[in-house]
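Listed below, chain by chain, are the residues.
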Amino acid sequence: GAGVSQTPSNKVTEKGKYVELRCDPISGHTALYWYRQSLGQGPEFLIYFQGTGAADDSGLPNDRFFAVRPEGSVSTLKIQRTERGDSAVYLCASSYGRSSYNEQFFGPGTRLTVL
Amino acid sequence: AQSVAQPEDQVNVAEGNPLTVKCTYSVSGNPYLFWYVQYPNRGLQFLLKYITGDNLVKGSYGFEAEFNKSQTSFHLKKPSALVSDSALYFCAVRDSMAGNQFYFGTGTSLTVIP
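What comes next is a walk through the structure. None of these values were measured; they are calculated from a predicted model.

What follows concerns the environment of R81(A). All names here are of chain A. In this fold, R81 is placed in the loop between β8 (75-79) and β9 (88-95). Residue classification places R81 among the partly exposed residues on the basis of a relative accessible area of 46%. Once the C-alpha coordinates of R81 and S38 are considered, the two residues, 43 residues apart in sequence, prove to be 19 Å apart.

The subject of this paragraph is the pairing of strand β11 (residues 110-114) of chain A. Residues and elements named next belong to chain A. Judged by which residues are buried, β11 turns out to be one-sided: T110, L112 and V114 face inward and are buried, whereas R111 and T113, on the alternate face, are not. Two strands pair when backbone bridges link them, and strand β2 (residues 10-13) and β11 are joined in this way by 4 bridges, in the parallel orientation. Bridging from a neighbouring strand, V12 pairs with T113 of β11. Looking at chain direction, β9 and β11 are connected through 3 bridges and run antiparallel. Within β11, the residue paired with Y90 across the bridge is T110.

All names here are of chain A. The antiparallel open sheet is built from 4 strands, whose spatial order is β1-β3-β8-β7. Whereas interior strands pair on both sides, the edge strands pair on one side only; in this sheet they are β1 (5-7) and β7 (65-68). Strand-to-strand twist across the sheet, computed as the mean angle between neighbouring axes with direction ignored, equals 15 degrees.

Our next topic: the nonpolar core. In summary, soluble globular proteins display a tendency toward joint burial of nonpolar side chains. One finds W35(B), L47(B), L48(B), F74(B), L76(B) and Y89(B) to be the most contacted residues of the largest nonpolar core, which totals 27 residues. Among the elements of the structure, β2 (10-14), β3 (19-21), β5 (31-38), β6 (44-50), β8 (64-68), β9 (73-78), β10 (87-95) and β12 (108-113) of chain B are those that each provide at least two residues to this core. Sorting elements by how many residues they give to this core places β10(B) first, with 4 residues. If we skip the residues at most four places from it in the chain, L76(B) touches L19(B), T20(B), V21(B), W35(B), L47(B), L48(B), F63(B), E64(B), A65(B) and Y89(B). Ranked by size, the runner-up nonpolar core spans 20 residues in total, among them V19(A), L46(A), A67(A) and L77(A).

Here the focus is the layout of surface pockets. Unfilled space is identified by rolling a water-sized probe across the atoms. Taken as a whole, the largest pocket holds about 570 Å³ of empty space. In terms of lining, the largest pocket is formed by 26 residues, of which the most central are Q37(A), V89(A), P108(A), R111(A) and Q38(B). Among the secondary structure elements, those contributing two or more residues to the lining of the largest pocket are β9 and β11 of chain A together with β10 of chain B. Tallied by class, residues from the lining of the largest pocket come to 10 nonpolar, 14 polar and 2 charged.

Here the focus is the interface of chain A and chain B. Between chain A and chain B, the residue contacts involve 22 residues of the former and 17 residues of the latter. Roughly 1700 Å² is buried in total at the junction of chain A and chain B, and carbon and sulfur atoms are behind 55% of that figure. Across the chain A-chain B interface, the total number found is 1 salt bridge. Taking the shortest distance from any N to any O, the salt bridge between K49(B) and E103(A) comes out at 3.0 Å.

In this section: the state of the cysteines. All names here are of chain A. Per the stated rule, a full pass over the model turns up 2 disulfides over all chains. Bridging C23 to C92, the disulfide has an S-S length of 1.8 Å. Taking the sign of the S-S torsion, about -65 degrees here, the bridge from C23 to C92 comes out left-handed. Of this pair, C23 sits in strand β3 (residues 19-24) while C92 sits in strand β9, and the two are 69 residues apart along the sequence. In terms of burial, C23 and C92 fall into one category: buried.

The rules behind the values
- Residues numbered from 1 in each chain as written.
- Chains lettered and ligands numbered in written order.
- Predicted model: local features only at pLDDT ≥ 70, side-chain atom pairs only at ≥ 80, totals over all residues.
- Heavy atoms only, no water.
- Helix = DSSP H or I, 4+ residues; strand = E, 2+ residues; numbered from the N terminus.
- Buried < 20%, exposed > 50% of the residue type's maximum accessible area, 1.4 Å probe, protein only.
- Pairing = 2+ DSSP bridges.
- Axes fitted to C-alpha atoms, helices over the stretch in contact; angles between N-to-C directions.
- Core = buried A, V, L, I, M, F, W, Y, C linked by side-chain atoms within 4.5 Å.
- Contact = heavy atoms within 4.5 Å.
- 1 Å grid on protein atoms, 1.4 Å probe; cavity = no way out; pocket = protein on both sides within 12 Å on 5 of 7 lines; lining within 4 Å.
- Points joined across faces, edges and corners; volume = space filled by probe spheres on them.
- Nonpolar A, V, L, I, M, F, W, Y, C, P; charged D, E, K, R; others polar.
- Buried area = accessible area lost by both parts, 1.4 Å probe.
- Salt bridge = Lys/Arg side-chain N within 4 Å of Asp/Glu carboxyl O.
- Disulfide = S-S within 2.5 Å.

Following this line, the structure appears as structure tokens:
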């Protein structure tokens, strides 16, 4: 079946602009995660959704970052007033059910470059 | 605080030899431990996990990992390395006492030399 998809695969923007990154999880997966991965680092947790609600947004670095999942499927990560330090690969992952130890299925990521 | 350490940035091993990729962790509660692999231009793929029970867990592609509570380690192993195992490996932990966050290590690049 189809895996997790993310669009766009690459996004180049200018400092101060607004961007939206989209994640389409595996059908039926109720849990969805966003991560940020900088060069040479492991994924860094941003936010976790269970269904439509953000169950844990403690990883969002500041109020310029926001994510939604209005129908419990597709999610959008929104970044306002982008800064050069926001440049990274943004990863989305989904998993089945509510268990805290189900494996996550990752998308290929969106590479964001802020000039 | 929760954390994961992968002390080796790079591991080289000859094809056919056993391989080990090291991981240690720090959590407040019980650890849920995972290994993921990342091939070039591909998303992270799940290899195996330890939740409870037998300390030796077996996963995909012939990989296994051993949970050692006293050493707070979860090293990834394979008896005989293949060239196709060359990739970036990430260890991750979730703390049973600390919400929903997964903490990833910085990754270990494995190169299997023909």
